Amino acid sequence: MVRLTSMRVPEAEVVRADFLTLELARTFDVVLALGVFEYVDDAPRAAEWLRARCASTLVASFTRWDWLKGPLRHVHYELIHRLHVREYTEERVEELLGR
């Protein structure tokens, strides 16, 4: 656990862990999930975990299929790094996180 202090954020706590196994008994005003859903195996479980700990604002990024970047991403991540990547539609995001 690392505590950060800056002019813009008076106090922030950064926890490095597998969030799906992390037990937190509190909620947070802002939850960031950037670059999470592209790689997580159980997206519904991840979304449920994030929603349960978000008191106000959830910011999440989702990759959608793009005919220009999509094939390059798959070559880079799946063939070179052996990581499965996922793409999302707006309907799938709404299904995961709600409107």
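Residues numbered from 1 in each chain as written. Predicted model: local features only at pLDDT ≥ 70, side-chain atom pairs only at ≥ 80, totals over all residues. Heavy atoms only, no water.

What follows covers the nonpolar core. Core analysis: the biggest nonpolar cluster contains 15 residues, and Phe37 and Leu50 have the highest contact counts within it. If you list the elements that add at least two residues to this core, you get β3 (28–33), α1 (43–52) and α3 (90–97). Per element, the largest residue contribution to this core is five residues, and it comes from α1. Those residues within four positions of Leu50 in sequence are excluded, and the remaining contacts are Phe19, Val31, Ala33, Phe37 and Leu58. (Core = buried A, V, L, I, M, F, W, Y, C linked by side-chain atoms within 4.5 Å. Buried < 20%, exposed > 50% of the residue type's maximum accessible area, 1.4 Å probe, protein only. Helix = DSSP H or I, 4+ residues; strand = E, 2+ residues; numbered from the N terminus. Contact = heavy atoms within 4.5 Å.)

On to the pattern of salt bridges. Tallying each qualifying case throughout the model produces three salt bridges. Residue Glu87 is joined to Arg73 by a salt bridge in which the shortest nitrogen-to-oxygen separation is 3.8 Å. Placement of the pair is Glu87 in the loop between α2 (70–80) and α3 and Arg73 in helix α2, with a sequence separation of 14 residues. Residue class for Glu87 comes out partly exposed when judged on its relative accessible area of 27%. Of the charged contacts in the structure, one is a salt bridge between Arg92 and Glu95, with a shortest N-O distance of 2.7 Å. Highlighted residues: Arg92 and Glu95, both in helix α3, separated by three residues, approximately one helical turn. (Salt bridge = Lys/Arg side-chain N within 4 Å of Asp/Glu carboxyl O.)

Sheet analysis places β3 next to strand β4 (residues 54–60), joined by five bridges and oriented parallel. Within the sheet, the bridge partner assigned to Val30 lies in β4 and is Thr57. Chirality of the crossover, the property in question, places the unit of β3, α1 and β4 among those that are right-handed. (Pairing = 2+ DSSP bridges. Right-handed = clockwise from strand over helix to strand, strands pointing away.)

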